[in-house]
Every structure is written in C-alpha cells, then in structure tokens.
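Analysis of the macromolecular model
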Amino acid sequence: MTISVVIPVYNGERFVESCLDALSKQIQPPDEVIIVDDGSTDQSVALVESKPVQLIRQKHQGPAAARNRGVQAAAGELILFTDIDCEPEPAWVLEMEKSLSLPEVIGVKGAYATKQTGIVPRLVQLEFEERYDLLEKSPQIDLIDTYSAGFHRENFQHVGGFNPALQKNEDVDLSYRLATARNKLVFNRNAIVYHHHPENYWAYFISKMKKAYWRMIVYRAHPGKAIKDSYTPQLLKLQILLALLALLAIFFVGQSPISIWIAMILWGELILTMIPFLRRVVICYPRLAVFAVIFIIIRSYAFVVGVILGIVSCLFIKPEIHPLAVE
C-alpha cells in the first residue's frame with residue numbers, strides 16, 4: 001500500500017529541520033511527505049521549500065483544515081499524521097504500516113517519547129506512559145492523537161475527515177466517529193515520535209485547560225464518551241471532581257467546624273488518588289515525588305477550569321462542530 005505523511009505547520013520554524021530530517025531517515029520511507037503551511041508568518045515556508053517534500057500553502061484556518069487539505073492532495077492509500085514539533089523514530093512508518101495491515105484495522109495510534117530532561121517534561125512523559133499502559137490492555141481503542149496517527153484513506157474520507165471548527169481535540173472527534181463495532185482502531189507503542197512537552201507548570205496548565213475545554217465541546221456531539229473511553233483513566237475524573245469539591249470546601253472553612261473536616265477529608269482523598277502515579281514516579285525518578293504532587297494538583301485544576309469553561313460554552317455559545325466532508 002502506498003503511504004502519504006501529512007504534517008500541518010504554523011510558525012514552526014524551529015522544528016522543521018529536525019522533523020523532516022527524522023522522516024528522511026525512515027527504514028521504510030513514505031511515498032510522499034506533504035507539508036501544509038497554515039499561514040505561517042515566520043521562516044517555516046522557506047525552510048520547507050529547501051526539502052524534498054510537497055508544500056501546500058493556505059490562509060490560517062487551523063490544524064484540522066490543514067490536515068484535510070493535505071489529505072485532499074495525497075495519493076497514498078494509507079495516510080499518516082504527525083506534528084511539526086515531533087521527530088519520528090526510524091521505524092515509525094514501518095510500525096504504522098504494520099498495524100494498518102492487520103485485518104479489520106482502519107486506524108492506528110502511536111506513542112510519544114521525549115529527549116527533554118526537565119522536571120515537568122519528565123512528569124508529562126510518565127503521564128503518557130500511564131495512559132499507554134491502559135491502552136495496551138484494550139484490543140480496540142477509540143482515540144487516536146494526530147501526533148502519531150495513521151488511517152486508511154477511504155475510512156478517513158468516509159466520515160468527513162477532521163472538523164475544521166475544532167481548534168483542539170479534532171482528532172478526538174474524528175476517532176469517536178471512526179470507532180464503531182466494524183471499525184477497529186489499535187495502539188502500537190513501538191510507533192514512536194519524540195516530542196517537546198511543556199517546559200514548566202504554567203505551560204502545562206494552559207495546555208491541559210485548553211484540552212479540557214475542547215473535550216467538553218466534543219462531548220456535546222459524543223455524550224456517551226464523557227462516561228468512559230479507552231484513553232481517559234476513571235481515576236483522573238475522580239481527581240477532577242475531588243479538586244473541585246475541595247476548592248468549594250475552602251470557601252466554607254470557618255463557617256462551621258464540620259466544613260473544616262469536610263475540606264480535610266476531600267484533600268486527603270485527592271492525595272490518595274495520586275498514589276498510583278506517585279508510585280510510578282518514585283520508581284523512575286525518586287527525587288521528583290514532591291514535584292509530582294504539585295503536578296497532579298495543577299493538572300486537576302487545569303481540567304476544572306477547562307471543564308467549567310467548556311460547559312458554559314456548550315450551554316450558552318453552542319459552537320457548531322458537525323464535520324465537513326472532504327471533497
């Protein structure tokens with residue numbers, strides 16, 4: 001089967017060289033690499049033009065529209081996606097193609113790794129590893145992230161491609177539409193791309209808040225997935241709830257003795273839910289245990305803020321997210 005790699009870029013000049021160099025070193029080279037510039041104002045276009053890839057330019061419309069545009073121009077039977085800030089390992093294309101060659105499989109999700117050594121990036125990577133352990137237990141998944149994603153072209157086009165109205169979580173929406181009883185999506189932990197995770201707590205907070213906001217928008221079209229999907233640990237949902245209740249309890253501390261006890265119990269339960277992740281951190285990076293507690297608290301409240309903003313948006317703004325067909 002012929003393979004096309006589609007990568008959107010928007011002001012990604014500092015990543016272009018490393019991403020495309022990594023793709024040039026694939027054990028199984030793709031038949032074509034298509035870069036869709038989404039209205040960059042930096043030197044991204046100039047850098048891409050110096051590489052043996054196909055360049056498509058469009059006005060800034062967001063990553064979903066850029067990826068759809070790339071698929072329209074692609075000739076491959078298999079479409080692989082990654083991001084410009086990713087560096088695929090040499091076996092990435094080979095591993096993705098291997099999974100997509102399995103019977104009934106129409107989509108595959110790869111894995112993140114990182115070369116960063118900072119505190120937050122290492123904790124972010126452990127967070128992904130926790131999710132990957134969950135995915136490996138599932139013979140079929142329902143979420144494929146675009147940083148390392150592969151689809152049979154006909155299945156991708158059949159459901160209308162990515163929804164351009166979504167600035168984030170467009171891959172979640174697409175996955176939910178694809179994941180049916182007769183459409184099998186799988187996880188391949190060996191299809192690795194190296195990524196630049198958020199460098200500090202603030203960047204991590206903003207990233208998670210935005211993802212939570214857009215996930216609520218997606219849940220409006222797929223309400224059943226808010227209860228359970230293959231990617232989101234149920235413990236994480238409990239942490240979000242406990243973090244919200246603990247915050248509310250703080251406002252009542254001092255109003256009555258019982259409110260103090262309630263607040264302490266809620267915070268204690270939140271700490272207890274951290275034990276599985278803290279165990280992983282202690283095994284890998286013992287000195288980061290205290291930072292990991294802060295990490296989980298920040299993550300929980302980032303999700304609280306994002307969820308609240310998303311619910312408000314769904315109730316009062318009601319953004320349109322119906323998919324547009326790929327021509």
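Our subject is the structure listed above.
Described in the following lines is the structure provided in the data block. Predicted model only: the values in this text are computed from it and were never measured.

Reading across the sheet, the eight strands line up as 3-2-1-4-7-6-8-5 and stay open at both edges, with mixed pairing between neighbours. Looking at the sheet topology across the chains shown, the edges are occupied by strand 3 (54-58) and strand 5 (86-88). The average undirected angle you get between the axes of adjacent strands in this sheet is 30°. Where strand 1 (residues 3-9) and strand 4 (residues 78-82) come together, four bridges link them in parallel fashion.

The next thing to look at is the packing of aromatic side chains. Under the counting rule described, the total for this entry stands at 15 aromatic pairs. For the ring pair Tyr112 and Phe128, a centre distance of 4.8 Å and an interplane angle of 75° mean the geometry is edge-to-face. Of this pair, Tyr112 sits in strand 6 (residues 105-113) while Phe128 sits in helix 5 (residues 119-136), and the two are 16 residues apart along the sequence. Residue classification places Tyr112 among the buried residues on the basis of a relative accessible area of 9%.

Our next topic: the nonpolar core. Judged by nonpolar contacts, the single largest core of 95 residues is most densely connected at Ile7, Leu80, Phe81, Trp92, Tyr132, Phe151 and Phe277. Excluding anything up to four places from it in sequence, Phe151 contacts Glu77, Leu78, Ile79, Phe81, Leu100, Ile106, Gly107, Ile144, Phe156, Leu174 and Leu178.

Now for the environment of Arg280. Mapped onto the elements of the fold, Arg280 is located in helix 11 (residues 275-284). For the pair Arg280 and Leu126, spaced 154 residues apart in sequence, the C-alpha separation works out to 7.6 Å. What Arg280 contacts, discounting residues up to four positions off in sequence, is Leu126, Glu129, Glu130 and Asp133.

Mapped onto the elements, Lys115 comes out in the loop between strand 6 and helix 5. For Lys115, a relative accessible area of 57% translates into the label exposed. Spatially, the C-alpha atom of Lys115 lies 40 Å from that of Ile250, the residues being 135 residues apart in sequence. Among all residues touching Lys115, those that are not within four sequence positions of it are Glu87 and Tyr194. Side chain to side chain, Lys115 and Glu87 meet in a polar contact 3.3 Å long.

How each quantity is defined
Counting of residues starts from 1 at the beginning of each chain's written sequence and follows it residue by residue. Given that the model is predicted, a residue must reach a pLDDT of at least 70 before its local features are reported, and side-chain atom pairs must reach 80 or more before they are shown or counted; all residues, however, enter totals for whole chains, interfaces and linings. Side-chain metrics rest on all non-hydrogen atoms present in the structure, leaving aside hydrogens and water. Only strands that DSSP links by at least two bridges are regarded as paired with each other. Counting from the N terminus, the helices are DSSP H or I runs at least four residues long and the strands are E runs at least two residues long. With axes taken as lines fitted to C-alpha atoms, and helix axes fitted only over the stretch in contact, angles between N-to-C directions fall between 0 and 180 degrees. Within 6.5 Å between ring centres, the rings of Phe, Tyr and Trp (the latter by its six-membered ring) count as paired, and their orientation is classed by plane angle as stacked under 30 degrees, edge-to-face over 60, tilted in between. Each residue is placed in one exposure class: buried if its accessible area under a 1.4 Å probe, protein chains only, is under 20% of its type's maximum, exposed if it is over 50%, and partly exposed if it falls in between. For the purposes of this section, nonpolar cores are sets of buried Ala, Val, Leu, Ile, Met, Phe, Trp, Tyr and Cys residues that join through side-chain atoms within 4.5 Å. Contacts are assigned to residue pairs that have any heavy atoms within 4.5 Å of one another. Here a polar contact is taken to be a pair of N or O atoms separated by no more than 3.5 Å, where protein atoms must pair a possible hydrogen donor with a possible acceptor and residues adjacent in sequence count only if both atoms sit in side chains.

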